[in-house]
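One-letter residues, chain by chain:
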Amino acid sequence: MKRIFLLWLAAAWMPAQAKIALPALFGDNMVLQQQCEASLWGRSDASEVIVRTSWSDEEFRAEVRDGRWKLALPTPAASYEPQTLTLRDADSQTTLRNILIGEVWICSGQSNMYMPLRGYTGQPVAEALPTILEAAEYRDRIRMITLPKRDAATPKDDFEGRWEAASPATAPRMSATAYFFARSLTQALDTPVGIVSTSWGGSKIEAWMDPASLSELGYDTAKINADPKTDARTRCGTIYNGLIAPVAGFAARGFVWYQGEANRKGAARYARLLERMAADWRTQWNDPKNRMPFLYVQIAPYSYKNSAATEAAQLMEAQSDALELIANSAMISTTDLGEEDCIHPARKRPVGERLAAAALVKAYKHKLADALAVRFAGAEFTGGKAVVRFDNARYGLTPQTEEITGFELAGADGRFHPATGRIVVSKPIVEVTSPEVPQPTAVRYSFRNYAPGNLANTLGMPVVPFRTDRTKEN
């Protein structure tokens, strides 16, 4: 913790003509995590800062050391009632207004997390217009603060930005995935939801990690970052310094991560990197018991022209592997949402909804059967077919009356051929056959860069891509 505190002190910021200075993270319209000791920090020229809130008669005092102060602020239960927070020192006073108490989540990743509701050029978000038009209904339910893209050689403690309440004017700029996640969550919990949105398209996971951790994993961070061919999105730790350090420690319920495409050529080490990143972030949020769930999105099918046929599938596999490494984690599958010629799938609402379902299970302990991704549980090869079993499909699989796409079988020669799947009624089992493979020895499902499947459980949670022929070499 001493190292973290020193990092927090590393950079200076002070708005002109102000005695009490707050980083952009604390401002009007913000959401504070309910029922916790929420950290509040800033700067002052005085020796002490006094904080009063509209929800308590208690006065909170923080000693100023070297111009800096920090305190833990007890927060009440969630409410839609706007609150105020007043700070004063010997020479000045400032009041933050229209604060809500609710559930806060840190949402991060690359372009599919950053993608705003208005979409990218020529790449729309499905259902964007009605969502934007209805956004005013959520002005007291959804608040978001978006960090601008920024890399840095050393950890920063502030950024340019502000909290915004949902409205037709603000929603188009908000992350679509994060917005749909927040909308589903506020509907399910009936509490305000605050999103800290911190993403950068095309970024590799190494850029989001503490450089010290990467060094421990064998990375020569100085050499990598000095390479002129390495840009801001791929340098070790530089996005961590610019986009994670400024918000580290802001009280939140958990993390949502949507990244992976930029690391598909290094899939073999991705699971361990993701494990380490999650651990680092939890350390920054003082969460040694892993109480903050780490939710993440498996990348969607996409053609990746001029790439090996299973390059992205191996990254999906690594993301699935990480579930066994990261405590209190959940992954949602997007096997059914990919687009062959667009790396930014339009359907972001299902992504947000599935993440919200995972949050209900992991963060809020709702007993929601089959709300998590459907995963391969085992296979037997007998009678000229593969009999495949799945987890998280208690009430069976769908579609019962349609052909199941995405399966392949291989025999002793190792050559895979398209195969047909038949669901065993009322059981989480699929029997897979192919006339080309009379004696199968291996089965795959959607294990290609672009091979969208239609197999799902009764809640519509799609089956995660898998293969049974994995070896140490591949």
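Each chain carries its own residue numbering, running from 1 in the written order of its sequence. Reporting of local features is limited, given that this is a predicted model, to residues whose pLDDT is at least 70; pairs of side-chain atoms are given and counted only at 80 or more, and all residues count toward the totals for whole chains, interfaces and linings. Each side-chain value is derived from all of the structure's non-hydrogen atoms; neither hydrogens nor water enter the calculation.

Student: Any chance you could explain the overall build of the protein chain here in plain terms?
Tutor: Helical segments are the DSSP runs of H or I of at least four residues, strand segments are the runs of E of at least two, and each set is numbered from the N terminus. Helices and strands together make up the secondary structure of the protein chain, namely 10 helices and 23 strands. Note that the radius of gyration is over C-alpha atoms, with the globule rule given as 2.2 Å times the number of residues to the power 0.38. A globule of 474 residues ought to have a C-alpha radius of gyration of about 23 Å, and the protein chain, at 24 Å, matches this closely. Viewed in the frame of its principal axes, the protein chain has a C-alpha envelope of about 85 × 50 × 40 Å. Remark: exposure states derive from per-residue accessible area (1.4 Å probe, protein chains only) relative to the maximum for the residue type, with buried under 20%, exposed over 50%, and partly exposed in between. Across the 474 residues in the protein chain, those meeting the buried criterion constitute 57%. Contacts are assigned to residue pairs with any non-hydrogen atoms lying within 4.5 Å of each other. Taking all contacts inside the protein chain whose residues are at least 6 apart in sequence as the whole, residues at least 24 apart take part in 73%.

Student: It is not clear to me how the sheet that holds strand 19 (residues 420-423) should be interpreted in this structure. Could you clarify?
Tutor: Two strands in a sheet stick together by hydrogen bonds in their backbones, pointing the same way (parallel) or opposite ways (antiparallel). When DSSP finds two or more bridges between a pair of strands, those strands are recorded as paired. The four strands are arranged 14-15-20-19 in an open sheet whose pairing can be described as antiparallel. At either margin of the open sheet sits one strand with a lone partner, and together these are strand 14 (375-382) and strand 19. With strand direction ignored, the average angle separating the axes of adjacent strands in the sheet is 25°. Helix axes are fitted only over the stretch in contact, all axes being lines through C-alpha atoms; the angle between N-to-C directions runs from 0 to 180 degrees.

Student: Help me out: how do you make sense of the environment of E380 in this one?
Tutor: Checked against the element boundaries, E380 lands in strand 14. Distance in space between the C-alpha atoms of E380 and I423 is 15 Å, their sequence separation being 43 residues.

Student: What exactly am I supposed to notice about the sheet that holds strand 18 (residues 416-418) here?
Tutor: With respect to topology, four strands assemble into an open sheet ordered 18-17-21-23, the strand pairing being antiparallel. Each edge of the open sheet is held by one strand with a lone partner, namely strand 18 and strand 23 (466-467). As defined by bridge partners, strand 17 (residues 407-410) adjoins strand 21 (residues 442-445) across four bridges and the pair is classed as antiparallel. Residue pairing for strand 21: A410 is matched across the bridge by A442.

Student: Where do I start with the environment of I332 in this structure?
Tutor: The residue I332 is located in strand 13 (residues 329-332) in this model. The sequence separation of I332 and Q298 amounts to 34 residues, and the corresponding C-alpha distance is 6.0 Å. Discounting residues that sit within four places of it in the chain, I332 has contacts with Y296, V297, Q298, V351, R354, L355 and A358.

Student: Honestly, the environment of N290 in this entry has me stumped. Any pointers?
Tutor: Take N290: it is sitting in the loop between helix 8 (270-284) and strand 12 (294-297). With near-sequence residues (within four places) excluded, N290 lies in contact with R282, A327 and N328.

Student: When you look at the packing of helix 4 (residues 176-189) against helix 10 (residues 349-362) in this model, what are you seeing that I'm missing?
Tutor: Any two packed helices are characterised by how steeply their axes cross, that is the angle between the axes, and by the distance between the axes. Direction vectors running N to C along helix 4 and helix 10 enclose 45°, while the axes themselves pass 7 Å from each other. The angle between the axes of helix 4 and helix 10 places the two elements in the oblique class. Crossing handedness for the pair helix 4 and helix 10: right-handed. Contact with helix 4, carried on its side by T177, F180, F181, R183, S184, L185, A188 and L189, involves R349, V351, G352, E353, L355, A356, A359 and L360 of helix 10 and no other residues of that element. Considered class by class, the residues forming the contact of helix 4 with helix 10 number 10 nonpolar, three polar and three charged. Any angle that is under 35 degrees is reported as roughly parallel, and any over 145 degrees as roughly antiparallel; angles of 65 to 115 degrees are reported as roughly perpendicular and all others as oblique. The crossing is said to be left-handed when, going from far helix to near helix, the turn is anticlockwise and less than a right angle, and right-handed when the turn is clockwise. Under the scheme applied here, ten amino acids are nonpolar (Ala, Val, Leu, Ile, Met, Phe, Trp, Tyr, Cys and Pro), four are charged (Asp, Glu, Lys and Arg), and all others, including Gly, are polar.

Student: Before we go on, may I ask you to explain the packing of aromatic side chains in this structure?
Tutor: Here the distance between the centres and the angle between the planes together describe a pair of aromatic rings. Within 6.5 Å between ring centres, the rings of Phe, Tyr and Trp (the latter by its six-membered ring) count as paired, and their orientation is classed by plane angle as stacked under 30 degrees, edge-to-face over 60, tilted in between. With the rule as written, the count across this model stands at 18 aromatic pairs. Seen from their ring centres, F255 and F294 are 6.4 Å apart, and the 50° between their planes marks the pair as tilted. One end of the pair, F255, is in strand 11 (residues 254-258); the other, F294, is in strand 12, with 39 residues separating them in the sequence. Classification of F255 as buried rests on a relative accessible area of 0%. Within the aromatic cluster, the residues linked to one another by ring pairs are W208, F255, W257, W281, W285, F294 and Y296. Charges are assigned to positions over rings by a cutoff of 6 Å between ring centre and Lys NZ or Arg CZ, combined with an angular limit of 35 degrees from the ring normal. The ring of Y114 has K149 lying over it, and the distance from NZ or CZ to the ring centre is 4.5 Å. R444 extends its terminal NZ or CZ atom over the ring of F416, reaching a point 4.2 Å from the ring centre.

Student: What is the right way to read the layout of surface pockets from this model?
Tutor: Over the atoms, a rolled probe matching the size of one water molecule traces out where space is still vacant. Here a cavity denotes grid points, spaced 1 Å and computed from the protein atoms alone, that fit a 1.4 Å probe unable to get out, and a pocket denotes an open set having protein on both sides within 12 Å along at least 5 of 7 lines; residues with an atom within 4 Å of a point are the lining. Grid points are joined across faces, edges and corners, and a volume is the space filled by probe spheres set on the points. By volume, the second largest pocket is sized at about 320 Å³. In terms of lining, the second largest pocket is formed by 17 residues, of which the most central are Y114, T146, E164, R173 and M174. In terms of residue class, the lining of the second largest pocket is made up of eight nonpolar, four polar and five charged.

Student: How should I be thinking about the packing of helix 8 against helix 9 (residues 311-322) in this particular structure?
Tutor: Axis separation between helix 8 and helix 9 bottoms out at 8 Å; the angle between their running directions is 45°. With respect to their mutual orientation, helix 8 and helix 9 come out oblique. Classified by chirality, the crossing of helix 9 by helix 8 is right-handed. Within the contact between the two elements, helix 8 uses Y270, A271 and L274 and helix 9 uses L315, A318, Q319, D321 and A322. Here the contact of helix 8 with helix 9 is composed, by residue class, of six nonpolar, one polar and one charged.

Student: What am I meant to see in helix 8 here?
Tutor: Side chains three or four residues apart in an α-helix point the same way, a direct result of the helix having 3.6 residues per turn. An expected span of 1.5 Å times one less than the residue number is assigned to each helix. In a regular helix each residue adds 1.5 Å, so 15 residues correspond to 21 Å; helix 8 covers 21 Å between its end C-alpha atoms and thus fits that length. Residues Y270, A271, L273, L274, M277, A278, D280, W281, R282 and Q284 constitute the buried set of helix 8. Following helix 8 by one or two positions, N286 has its phi on the positive side, about 55°.

Student: Looking at this structure, how should I read helix 4?
Tutor: With 14 residues, helix 4 extends 20 Å between its outermost C-alpha atoms, agreeing within 8% with the 20 Å of an ideal straight helix rising 1.5 Å per residue. Counting buried residues in helix 4 gives 11 out of 14 residues, a clear majority hidden from the surface. Turning to helix 4, its buried residues are A176, T177, A178, Y179, F180, F181, A182, R183, S184, L185 and T186. As used in this structure description, the phrase polar contact means that two N or O atoms lie within 3.5 Å; if the pair is within protein, one of them must be able to donate a hydrogen and the other to accept it, and residues adjacent in sequence are counted only when both atoms belong to side chains. Near the N-terminus of helix 4, the side chain that reaches the backbone nitrogen of A178, with its oxygen 3.1 Å away, is that of S175. Following helix 4 by one or two positions, D190 has its phi on the positive side, about 55°.

Student: Where do I start with the side chain of S44 in this structure?
Tutor: Relative to the assigned elements, S44 resides in the loop between strand 2 (37-43) and strand 3 (48-53). In terms of polar contacts, S44 uses its side chain to reach the side chain of D89, at 2.6 Å. In contact with S44, other than residues within four places in its own chain, are K19, I20, V49, V64, G67, W69 and D89.

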